[in-house]
Amino acid sequence: MSWYTTTRIAQNVYQISVPVGEIEPRFNAPTANMYLVVGRERAALIDSGLGIGDLRAEVAAITSLPCIVLNTHAHWDHVGSNALFDETAIHELEAGSLAQEPNMGAIRKVMQAPRARAALPPSFDPAVYRIRTQPPTRILHDGDLVDLGDHTLEVLHIPGHSPGHVAYLDTANGMLFTGDTACLSPIYACFPGSDPAALANSAKRLAALPGVRTVCPGHGGIITEEGWLGWFSECVEAAVSGQAEGTVRDGFVKGREFRFDSLSIWLPA
């Protein structure tokens, strides 16, 4: 099995995925997704994955244009290969996190399992796995535009999963890159720094966006169902307001889980 799975999902837009679920299955997220948007003058890579394999070479096989990494947030599975790129950007509230190397000791242990070793590249040594850090070269704010030459990506601050989480709106393609805020994998608002009320407000904001035809999440499959963002917002509101009934979980992830058909929302217990 190849470590990277790269798929063209629109004109000059590519999804690059890695099987994070084989490495750390307890988060119930099958893939970690990155997205490469290629403009006329430059390219943008939305998130940089786990820092395993040569992501820069994967991008270079698609485009020779200068490429900036646009992080949705600073969690380890979204910033792992930032150090391979000259330009990186993140929201101002999480810029400090990129200067602090996370402790990957627990993940290194998980990577020794046969299931994980079978999915990892043969040359990869889990014993030396680390996330190389570097400060961002650009600080992002709500409403900022990232110009790629022939169209732009708009930065939308959507806190909840984390304080400085952002989405990127590609109006020209009708695509919204949502990171960990809106996806078909579990949506966690039970971590340190999470804010359930902010998640509900962010979900309402995303649901009100006009012209979104494709939701490109940080984990799991792409969503093209009409009206999905509205339904997602209703689910979050039901969980946060207490209209829905949740189940307390005290396993690897601790919180109260609210199940809604094809997604689940986790709030603090």
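A brief structural summary. The structure presented is a predicted model; accordingly, all values stated were derived computationally and were not measured.

### Concerning the pattern of salt bridges
Logical step 1: What the rule picks out here adds up to 10 salt bridges.
Logical step 2: Between E22 and R115 there is a salt bridge, with its nearest N and O atoms 3.1 Å apart. Separated by 93 residues along the polypeptide, E22 in helix α1 (residues 20-23) and R115 in helix α5 (residues 114-119) bring together distant segments of the chain.
Logical step 3: With a shortest N-O distance of 3.1 Å, R42 and E87 are connected by a salt bridge. With R42 in the loop between β3 (32-38) and β4 (43-46) and E87 in strand β6 (residues 87-91), this pair connects stretches of sequence that are 45 residues apart.
Logical step 4: Classification of R42 as buried rests on a relative accessible area of 19%.
Logical step 5: Several salt bridges converge on common partners, so that one network encompasses R249, E257 and R259.

### Topic: the state of the cysteines
Logical step 1: Under the criterion given, the structure shown has zero disulfides.
Logical step 2: The structure places no disulfide on C67, whose sulfur is separated from the nearest cysteine sulfur, that of C216, by 16 Å.

### Re the pairing of β3
Logical step 1: Burial of β3 is extensive: seven of the seven residues sit out of reach of the surface.
Logical step 2: Going residue by residue along β3, you find A32, M34, L36 and V38 tucked away on one face and N33, Y35 and V37 tucked away on the opposite face as well.
Logical step 3: As judged from the six bridges shared by strand β2 (residues 13-18) and β3, these two strands associate in the antiparallel manner. Within β3, the residue paired with V18 across the bridge is A32.
Logical step 4: Hairpin connection from β3 to β4: four residues lie between these consecutive antiparallel strands.

### Observations concerning the sheet that holds strand β13 (residues 214-217)
Logical step 1: Strand order in the open sheet formed by five strands is β8-β9-β10-β11-β13, and the pairing between neighbours is mixed. Single-partner strands in this sheet number two, and they are β8 (145-147) and β13. For this sheet the average axis-to-axis angle between neighbouring strands, irrespective of direction, equals 25°.
Logical step 2: Relative to β13, strand β11 (residues 175-179) runs parallel, the two sharing four bridges. Residue pairing across strands places M175 opposite T214, the latter belonging to β13.

### Points about the layout of surface pockets
Logical step 1: Taken as a whole, the largest pocket encloses approximately 880 Å³ of empty space.
Logical step 2: Along its surface, the largest pocket is lined by 40 residues, and F27, H75, W76, D77 and F191 are the ones closest to its centre.
Logical step 3: Those elements that place two or more of their residues in the lining of the largest pocket are α3 (76-79) and α4 (105-110).
Logical step 4: Per-element tally for the lining of the largest pocket: the top contributor is α3, with three residues.

### Description of the side chain of H78
Logical step 1: Along the chain, H78 falls in helix α3.
Logical step 2: In terms of polar contacts, H78 uses its side chain to reach the side chain of D180, at 3.1 Å.
Logical step 3: A distance of 3.3 Å separates polar atoms of two side chains, one belonging to H78 and the other to H219.
Logical step 4: Apart from residues no more than four positions distant in its own chain, H78 is found in contact with D47, S48, G49, N71, T72, H73, D180, G218 and H219.

### Describing the packing of aromatic side chains
Logical step 1: Counted by the stated rule, this structure contains nine aromatic pairs.
Logical step 2: Relative to F252, the ring of F27 lies with its centre 5.1 Å away and its plane at 70°, an arrangement referred to as edge-to-face. Here F27 is found in the loop between α1 and β3, whereas its partner F252 is found in the loop between β14 (247-250) and β15 (254-260), with 225 residues between them in sequence.
Logical step 3: Using a relative accessible area of 24% as the deciding quantity, one classes F27 as partly exposed.
Logical step 4: Above the plane of the ring of F252 lies R26, whose end atom (NZ or CZ) is 3.9 Å from the centre.

Parameters and conventions
- Residues numbered from 1 in each chain as written.
- Predicted model: local features only at pLDDT ≥ 70, side-chain atom pairs only at ≥ 80, totals over all residues.
- Heavy atoms only, no water.
- Salt bridge = Lys/Arg side-chain N within 4 Å of Asp/Glu carboxyl O.
- Helix = DSSP H or I, 4+ residues; strand = E, 2+ residues; numbered from the N terminus.
- Buried < 20%, exposed > 50% of the residue type's maximum accessible area, 1.4 Å probe, protein only.
- Disulfide = S-S within 2.5 Å.
- Pairing = 2+ DSSP bridges.
- Axes fitted to C-alpha atoms, helices over the stretch in contact; angles between N-to-C directions.
- 1 Å grid on protein atoms, 1.4 Å probe; cavity = no way out; pocket = protein on both sides within 12 Å on 5 of 7 lines; lining within 4 Å.
- Points joined across faces, edges and corners; volume = space filled by probe spheres on them.
- Polar contact = N/O pair within 3.5 Å; in protein donor to acceptor, adjacent residues only side chain to side chain.
- Contact = heavy atoms within 4.5 Å.
- Phe/Tyr/Trp six-rings, centres within 6.5 Å; stacked < 30°, edge-to-face > 60°.
- Lys NZ or Arg CZ within 6 Å of the ring centre and 35° of its normal.

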